[in-house]
Amino acid sequence: MFWQTTRFRIDLRTPQVMGIVNATPDSFSDGGRHAGTAAALAHCEQLLKEGAHILDIGGESSRPGAPRLSADEEWQRIEGVLRGALSLGVPVSIDTCKAELMRRAADLGVDILNDILALRDPGAEAVMLAHPQLGACLMHMRGDSGSMQSLTDYADVVAEVAQFLSERAQALRTKGVAAERIVLDPGYGFAKTVEQNFELLRRQAELKALGYPLLAGLSRKSAIGVVTGRTVEQRLPGSLAAALLALSHGARVLRVHDVAATVDALQVWGAGGGAGA
């Protein structure tokens, strides 16, 4: 099982750790500690020292209620970070839902488009077609950052997430995008209640059955906080438990804030014969 990206064919037979780099002043998880090019690049280098396999760079917060940025504002935050990260020798992902930024990033040589809207912005699919090795991660959500938490009415959350992701992947396939370029993300925390997030996690294997690798982004999410009663800064143990559960139910990529701890957990998990190791 592999993920074809611009410069790398990523071997997903080994779980991959995607380190989160928020070049934003208002992230829910790190409060802007890595805003600014120099700080964000220093964080990239630190994550690689801790064992990250992929760097995921974003310039706009997607937390509930976060304000939207113009494409130029978002690009100003991340252009220098992307340019610097592309010299570090690992796959680089851009976390954006704007087709214009996808085009600019792909022209720079970025490896992966990580899109919470699953390439639904007009022109986003065309970026994939114009760059025939570019990888993509398609995520499920409803609405936008302002409305998503009011859009949680599902007859069967797993079935509806599966249908959406299948349709989005098929839309790319029919345009000629190879299956190896596509990874799917259930969208934990996006337009789901706490109960729905854990229903998705328990039944995640049903999404794996769609035939594409899965990425799980549960790190420090509010659902973990509700279950544990912990603040964002105190959610590492819960995040590690969620990551290992996601692996056991078929995830191959873990998008996390706490890379060193996640890498340690994976090493122990694998040494003990954990499913998904």
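Above this text is the structure in question.
Below, the structure is looked at part by part. (Residues numbered from 1 in each chain as written. Predicted model: local features only at pLDDT ≥ 70, side-chain atom pairs only at ≥ 80, totals over all residues. Heavy atoms only, no water.)

1. Focus: the overall build of the chain
At step 1: On a plain count of helices and strands, the chain comes out with 10 helices and 10 strands.
At step 2: Compactness check: the chain gives a C-alpha radius of gyration of 17 Å against a globular reference of 19 Å for 277 residues, within 12% of the reference.
At step 3: Once the C-alpha set of the chain is aligned to its principal axes, its extents read approximately 40 × 40 × 40 Å.
At step 4: Looking at the chain alone, contacts between residues at least 24 apart form 67% of all its contacts between residues at least 6 apart.
At step 5: Just so you have it, the chain exposes about 11,000 Å², and 53% of that area is on carbon and sulfur atoms. (Helix = DSSP H or I, 4+ residues; strand = E, 2+ residues; numbered from the N terminus. Rg over C-alpha atoms; globule rule 2.2 N^0.38 Å. Contact = heavy atoms within 4.5 Å. Areas by Shrake-Rupley, 256 points an atom, 1.4 Å probe, with all protein chains shown as cover.)

2. Digging into the pairing of strand 6 (residues 112-115)
At step 1: Along strand 6, one buried face is formed by I112 and N114 and the opposite face, lined by L113 and D115, is buried too.
At step 2: Handedness of the crossover joining strand 5 (residues 92-95) and strand 6 through helix 3 (residues 99-108) is recorded here as right-handed.
At step 3: When strand 6 meets strand 7 (residues 135-139), the two strands line up parallel, connected through four bridges. Pairing of N114 across the sheet is with C137, part of strand 7.
At step 4: Viewed along the sheet, the connection from strand 6 through helix 4 (residues 124-130) into strand 7 turns out right-handed. (Buried < 20%, exposed > 50% of the residue type's maximum accessible area, 1.4 Å probe, protein only. Right-handed = clockwise from strand over helix to strand, strands pointing away. Pairing = 2+ DSSP bridges.)

3. A closer look at helix 6 (residues 194-202)
At step 1: Of the positions making up helix 6, those classed as buried are Q196, N197, L200 and L201. Around the axis of helix 6, the buried residues are gathered within 140° of arc, so they sit on the same side. The exposed set on the far side of helix 6, more than 90 degrees from its buried face, consists of E195 and R202.
At step 2: Contact partners of the buried residues in helix 6: helix 5 (157-173), helix 7 (205-208), helix 8 (222-228) and helix 9 (236-248). (Arc of directions from axis to C-beta.)

4. Some points on the pattern of salt bridges
At step 1: For the structure shown, the criterion picks out 20 salt bridges.
At step 2: Among the ionic pairs, E125 bridges to K175, the shortest N-O distance being 3.0 Å. Within this pair, whereas E125 is found in helix 4, its partner K175 is found in the loop between helix 5 and strand 8 (182-185), the two being separated by 50 residues in sequence.
At step 3: Close ionic contact of E199 with R203 constitutes a salt bridge, the shortest N to O distance being 2.9 Å.
At step 4: Since its relative accessible area comes to 24%, E199 is described here as partly exposed.
At step 5: Residues joined in a network through salt bridges with shared partners are D72, E100, R103, R104 and D107. (Salt bridge = Lys/Arg side-chain N within 4 Å of Asp/Glu carboxyl O.)

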